[in-house]
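If you want the building blocks of each chain, they are given just below.
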Amino acid sequence: MTVPLGSMPAAAITFRQGAGLGIELIRLGETGPGLVRVDIKATGVCHSDLHIVDGDWPTDRPLVLGHEASGVVAEIGAGVRDVQVGDHVVLSWFAPCGRCVTCASGQAWLCSGTTAIDNTLPDGSTGFTDDDGLEVWPYLGLGTFTDSVLVPESAVIVVSDELPFEVGALLGCSVTTGVGAVVNTASVPVGSVAVVIGCGGVGLSIIMGLKLVGANPIIAVDLSAEKLAIAEELGATVVLRGDEVDVPAHLQEHYGGADFAFEAIGRIATIESLPSMLSAGGSAVLVGMTPVGARASIDPFDLADQGKSILGCNYGSSVAKRDIPRLADLYLAGLLPLDKLIGLVRPLSDASSALDELRAGVGLRSILVPAGREEELQVARPTG
Ligand code: APR
Ligand code: ZN
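Note that the structure is predicted; figures quoted are calculated from it, not measured.

**Digging into the sheet that holds strand 12 (residues 218-222)**
Now for step 1: The strand order across the open sheet built from 6 strands is 13-12-11-14-15-16, with neighbouring strands paired in parallel fashion. Two strands bound the open sheet, and with one partner strand each, they are strand 13 (238-241) and strand 16 (309-312). Direction aside, neighbouring strands of the sheet carry axes that sit 20° apart on average.
Now for step 2: Both strand 11 (residues 194-197) and strand 12 contribute to a ladder of 4 bridges, which runs parallel. Directly across from Val196, in strand 12, lies its bridge partner Ala220.
Now for step 3: The strands that helix 5 (residues 201-213) touches are strand 11, strand 12 and strand 14 (258-263); relative to strand 11, the one it contacts most, it runs at about 165°.

See the structure below:
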């Protein structure tokens, strides 16, 4: 396939099967009909990027990694109506088609027409090419570990200019997934007993969502004292070391089980233990993503007899156009301290170290910034 080449070479963090991570010069195609060119200002490093690098979700195509980002609209293609040049935006990695039955029924997160999961733009093209003119795919249709991206209009969510770019980046994936798991997927009622296993960017967002809706107690479980300290700061009322405490036994003894148990790691052993953490009628919410093809074992008698449920949750069952601006406004109103999720703010070229730290479970969410754009950030945080 021939991709029309624009004139903009940009540095990108790419992943090629067998060759691992690299920094390459890539070119961006033209801003065709329905497309928007966005200059990336900040992009988060998410465990889903790591799943690709570690081969949990195999890809035989060269990809520009990254799918959690904010930026400014640089150019709009023909027919784009809801976005203007200069708008501050968050990118949604699940760009809905807007035409399928699930979109029509208000469940944009289950869209069957999206091409995001094929890592392409809606017409099947890639937006990026390498120096030889060969296609380079945008991860989840975005590929944000670079200076500028081409994305469909439905992936572009306009937010307040007041929103710091670093915080906006987190709204692209972890926060929308985590808070959405609480308010959309599980509709957690006030006063519910809730436990969150895994306190990375997603788990900590779940904890903030639980605080927002008035769950009590909010029990956070992780292996890292650092993560548990921030969990407490963000609203956890009880923190437990998963390697020191028998979590299901503790929950049954102290609370008669949890009404809601959120898994935010994607680890089979933890997923299998969720039903034993629940009270009768409780719900386990699967937020963490396992390697493709993994299997888990459950006790179906316990589920049926005790009226327990297992809820799947992709992207926090969120309608990006509705939920991302709402979450941005909750941050600006002081009700969601999202800046506390941010760890090191560092250059794009640090992506490899940031992914290594994520694999090791060290540090808070890393934010990568394209070269020359550091001055435009708005939250004062340590830099790497
Ligand atoms: N028990 C408790 N906590 C654990 C365990 C365990 N056995 N193993 C890992 N953890 C903790 C880590 O210490 C870390 O704090 O789980 C957390 C995982 O966080 P991140 O690696 O930052 O991952 P995150 O980006 O939050 O994503 C979590 O959600 O969307 C999916 O693909 C994503 O599967 C991933 C999951
Ligand atoms: Zn993500």
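So much for the structure itself; the text now carries on.
**Some details on the pairing of strand 15 (residues 278-286)**
Note on strand geometry: in a regular strand, side chains alternate between the two faces of the sheet.
Now for step 1: Across 5 bridges, strand 14 lies against strand 15 in parallel orientation. By the bridge assignment for strand 15, Phe260 is matched with Ser283.
Now for step 2: What joins strand 14 to strand 15 is helix 8 (residues 268-273), and the crossover it makes is right-handed.
Now for step 3: Where strand 15 and strand 16 come together, 4 bridges link them in parallel fashion. Directly across from Leu286, in strand 16, lies its bridge partner Gly312.

**Things to note about the confidence of the model for the protein chain**
Note that predicted coordinates carrying low pLDDT should not be read in detail.
Now for step 1: In this model, the protein chain carries an average pLDDT of 93, and 96% of its residues clear a pLDDT of 70 or more.
Now for step 2: Between residues 1-5, whose pLDDT stays under 50, and residues either more than four places distant or in other chains, the model counts 13 contacts.

**Concerning the packing of helix 4 (residues 174-185) against helix 5**
Now for step 1: Where helix 4 meets helix 5, the closest approach of the two axes is 7 Å, and the angle between their N-to-C directions is 45°. The angle between helix 4 and helix 5 falls in the class oblique. Like other packed secondary-structure pairs, helix 4 and helix 5 cross with a definite hand, here right-handed. When helix 4 is examined against helix 5, the residues Ser174, Val175, Thr177, Gly178, Val179, Val182 and Val183 are found in contact with a partner set consisting of Gly201, Val202, Ser205, Ile206, Gly209, Leu210 and Val213.
Now for step 2: Split into classes, the residues belonging to the contact of helix 4 with helix 5 amount to 8 nonpolar, 6 polar and no charged.

Thresholds applied
Residues numbered from 1 in each chain as written. Chains lettered and ligands numbered in written order. Predicted model: local features only at pLDDT ≥ 70, side-chain atom pairs only at ≥ 80, totals over all residues. Heavy atoms only, no water. Pairing = 2+ DSSP bridges. Helix = DSSP H or I, 4+ residues; strand = E, 2+ residues; numbered from the N terminus. Axes fitted to C-alpha atoms, helices over the stretch in contact; angles between N-to-C directions. Contact = heavy atoms within 4.5 Å. Right-handed = clockwise from strand over helix to strand, strands pointing away. pLDDT = per-residue confidence, 0-100. Parallel < 35°, antiparallel > 145°, perpendicular 65-115°, else oblique. Left-handed = near helix turned anticlockwise from the far one by under 90°. Nonpolar A, V, L, I, M, F, W, Y, C, P; charged D, E, K, R; others polar.

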